[in-house]
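In case you want the letters, here they are:
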Amino acid sequence: METEVVSQILHMKDPTSNSTHKNIIDWFLGVVGLKPDENTQPPITNPPNLNCPKCTCGLALKHKRIVGGVETLVNEYPWMVALHYNNRFFCGASLINDKYVLTAAHCVNGFNKDRLSAVFLDHDRSNSYETTTFTRKIKSILRHKSYGQGGSYNNDIALLKLDQAVSLSDMTRPVCLPPTGRSFTGLNGIAVGWGATEQHGQTSAKLREVSVPIMSNSDCKNTGYKNRITDNMMCAGFNEGKKDSCQGDSGGPLHVINGNFHQVVGIVSWGEGCAQPNYPGVYTRVNRFITWIMANTKDSCYC
Ligand code: 4AZ
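The structure displayed is predicted, hence computed values, not measured ones.

Quick notes on the sheet that holds strand E5 (residues 116-120)
Consideration 1: The strand order around the closed barrel built from six strands is E2-E3-E4-E7-E6-E5, with neighbouring strands paired in antiparallel fashion. On average, adjacent strands in this sheet sit at an angle of 45 degrees to one another, irrespective of strand direction.
Consideration 2: One ladder, built from four bridges, connects strand E4 (residues 100-103) with strand E7 (residues 158-162); its direction is antiparallel. Residue pairing in the sheet places Tyr100 in a bridge with Lys161 of E7.

Structural data, given as C-alpha cells:
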C-alpha cells in the first residue's frame, strides 16, 4: 500500500549517501535482506509539546536467546497485549508507543470499541495471581480503510488508541517499528501469541512463541496460496509445515531481532489452516505501513 520512504521520520541513514566500501556492502546486504545485526535503533523525534520521556523500544525482559512453539518466559515481551471482547480473550496486539496498540484489521472488524479492552502483562490467562496485569479501554479503532481491497485480508492492519497512556518501564515498553524498504527474507521471524497449539485446537492459556523463517513473496506465491499473496503481506514458515501461528494468534507480532532490539515486522493475519505443508503463515507486512502508522499516532510518545 505504501511505498514512501520515511527516513526523515525515523532518521534512518540513507545507506547510499556514503560511498565507502563498507557502506556499499551493508547496503547490498540490506537490499538482499542479510544485513548483520546492529545494536542501535534509529532515533525518533517526538512532538516537543508532549514532553516525552526518554525510553527504549524493543528490549525483551530477558534476552536469551502457537503450533510447534514453546512457552515464553513470564513477561518476556513487554509490548505483548491480549485483546479482550466482552472480557474474553480473542486476539493479540503490540504496544508501539505510549498510547496505541497495533493489531490486525480483521480482529476488530465490526467491533464495538466499548466492549474491547487491552490487557497488559498477562502470561498464563488461566491464573489471575501469577502476574499483575493492567487493562486499558479503547478510545478509538482505526482500521485501515483499504482492508480487504485488492485481495482478501489485504491491508490487515489496525491501530487502537488507549483511553489512557501507559507509563513505559522495563515491564511495559513498546516494540520497535521496522525500517522501510527491507524485505526481511531469510531472517527468522518470531511469532508470539495465545493462539491454538494445533489446527482446530483451543487457544493456549500460556503465552507461546515460535520461530519461523521469513520467505520471499515470490516463493510464497509458489506455495498453495498462488496469487492470494499481495505486496502488503509476508509469509513465514516451513514448506513441510510443522511450526506456525494459528487461530487466536491473529493481531499479534512477528518479530525480527536486530541486535537486542525486537522489531514488529509482521502482524499475524491469516493462513490456510495452521502448520499445513505448502501453506505458511501469512502476516501483514508492517514496513509497508510506516507512513500510515506515524500519520495516525502523532499524539503519542515513541521510544
Ligand atoms: C486465524 O484463524 C489464523 N497459520 C491465524 C493465523 C494463521 C491461520 C489462521 C496462520 O486467526
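A short note on the environment of Asn217
Consideration 1: Along the chain, Asn217 turns up in helix H3 (residues 217-221).
Consideration 2: Accessibility expressed as a relative area gives 14% for Asn217, which makes it buried.
Consideration 3: In the structure, Asn217 is positioned 17 residues away from Met234 in sequence and 6.5 Å away in space, judged by C-alpha atoms.
Consideration 4: Excluding anything up to four places from it in sequence, Asn217 contacts Ile229, Thr230, Asp231, Met233, Met234 and Arg285.
Consideration 5: Polar contacts involving the side chain of Asn217 include one to the side chain of Arg285, which spans 2.7 Å.

Section: the nonpolar core
Consideration 1: With 48 residues, the main nonpolar core has Ile96, Leu102, Phe120 and Ile293 as its most contacted residues.
Consideration 2: Looking at this core, the elements that each hand over two or more residues are strand E2 (80-85), strand E3 (88-95), E4, E5, E7, strand E8 (188-193), strand E12 (261-270) and helix H4 (290-295).
Consideration 3: Look past the residues within four positions of Leu102 in its chain and what remains in contact with it is Ala93, Ser94, Ile96, Ile157, Ala158, Leu159, Gly251, Val264, Ile267, Val286 and Ile293.
Consideration 4: Residues Phe184, Val212, Ala236 and Leu254 belong to the second largest nonpolar core, which totals 14 residues.

Focus: the packing of aromatic side chains
Consideration 1: Applying the stated criterion to the full structure yields nine aromatic pairs.
Consideration 2: Between the aromatic rings of Phe90 and Phe111, the centroid separation amounts to 5.2 Å while the plane-to-plane angle is 45 degrees, which identifies the pairing as tilted. In this pair, Phe90 is assigned in strand E3 and Phe111 in the loop between E4 and E5, connecting sequence segments 21 residues apart.
Consideration 3: What links up through ring pairs into an aromatic cluster is the set Tyr153, Tyr225, Trp270 and Tyr279.

A short note on the state of the cysteines
As used in these notes, a disulfide is a covalent bond between sulfur atoms, one from each of two cysteines.
Consideration 1: By the definition in use, this model includes six disulfides.
Consideration 2: The disulfide bridge from Cys220 ends at Cys235, spanning 1.9 Å between sulfur atoms. On the sign convention where negative is left-handed, the bridge of Cys220 and Cys235, at about -80 degrees about the S-S bond, is left-handed. Separated by 15 residues along the polypeptide, Cys220 in helix H3 and Cys235 in strand E10 (residues 233-236) bring together distant segments of the chain.
Consideration 3: The buried category is assigned to Cys235, whose relative accessible area is 0%.
Consideration 4: Here Cys246 is linked by a disulfide to Cys274, with a sulfur-sulfur distance of 2.0 Å. Given an S-S torsion of about 85 degrees, the disulfide between Cys246 and Cys274 has right-handed geometry. Here the residue Cys246 occupies a position in the loop between E10 and strand E11 (253-258), and Cys274 occupies one in the loop between E12 and strand E13 (281-285), the gap between them amounting to 28 residues.
Consideration 5: Residue classification places Cys246 among the buried residues on the basis of a relative accessible area of 6%.
Consideration 6: If you count the bonded cysteines of the chain from the N-terminus, they pair up as 1-11, 2-12, 3-6, 4-5, 7-8, 9-10.

What to know about the site of the ligand
Consideration 1: Lining the immediate environment of the ligand, one finds Asp244, Ser245, Cys246, Gln247, Gly248, Ser250, Val268, Trp270, Gly271, Gly273, Cys274 and Gly281.
Consideration 2: Note that a nitrogen atom of the ligand is positioned 2.9 Å from one of the backbone N or O atoms of Ser245.
Consideration 3: The protein chains hide 85% of the 300 Å² of surface that the ligand would expose on its own.

Notes on the pattern of salt bridges
Consideration 1: Counted by the stated rule, this structure contains five salt bridges.
Consideration 2: Between Asp98 and Lys99 there is a salt bridge, with the nearest N and O atoms lying 3.5 Å from each other.
Consideration 3: In this structure Asp98 comes out as buried when scored by relative accessible area, which is 9%.
Consideration 4: Overall, the relative accessible area of 17% leaves Lys99 in the buried class.
Consideration 5: The partner of Arg228 in a salt bridge is Glu272, with the nearest N and O atoms 3.4 Å apart. A residue pair is termed long-range when its members are at least 10 positions apart, and Arg228 in the loop between H3 and E10 and Glu272 in the loop between E12 and E13 qualify at 44 residues.
Consideration 6: Judged by relative accessible area, Glu272 falls into the partly exposed class, the value being 37%.

What about the sheet that holds E13?
Consideration 1: With antiparallel pairing, the seven strands of this open sheet are ordered in space as E1-E9-E8-E11-E12-E13-E10. Since the sheet does not close on itself, it has two edges, and those belong to strand E1 (70-71) and E10, each with one partner.
Consideration 2: In the sheet, E8 pairs with strand E9 (residues 208-213) via six bridges, with the strands oriented antiparallel. Residue pairing in the sheet places Gly189 in a bridge with Val212 of E9.

Considering the environment of Ile190
Consideration 1: Tracing the backbone through its elements, the reader meets Ile190 in strand E8.
Consideration 2: Between the alpha carbons of Ile190 and Pro213 there is a distance of 8.5 Å; along the sequence they are 23 residues apart.

About the cut-offs
- Residues numbered from 1 in each chain as written.
- Predicted model: local features only at pLDDT ≥ 70, side-chain atom pairs only at ≥ 80, totals over all residues.
- Heavy atoms only, no water.
- Pairing = 2+ DSSP bridges.
- Helix = DSSP H or I, 4+ residues; strand = E, 2+ residues; numbered from the N terminus.
- Axes fitted to C-alpha atoms, helices over the stretch in contact; angles between N-to-C directions.
- Buried < 20%, exposed > 50% of the residue type's maximum accessible area, 1.4 Å probe, protein only.
- Contact = heavy atoms within 4.5 Å.
- Polar contact = N/O pair within 3.5 Å; in protein donor to acceptor, adjacent residues only side chain to side chain.
- Core = buried A, V, L, I, M, F, W, Y, C linked by side-chain atoms within 4.5 Å.
- Phe/Tyr/Trp six-rings, centres within 6.5 Å; stacked < 30°, edge-to-face > 60°.
- Disulfide = S-S within 2.5 Å.
- Near = heavy atom within 4 Å.
- Areas by Shrake-Rupley, 256 points an atom, 1.4 Å probe, with all protein chains shown as cover.
- Salt bridge = Lys/Arg side-chain N within 4 Å of Asp/Glu carboxyl O.

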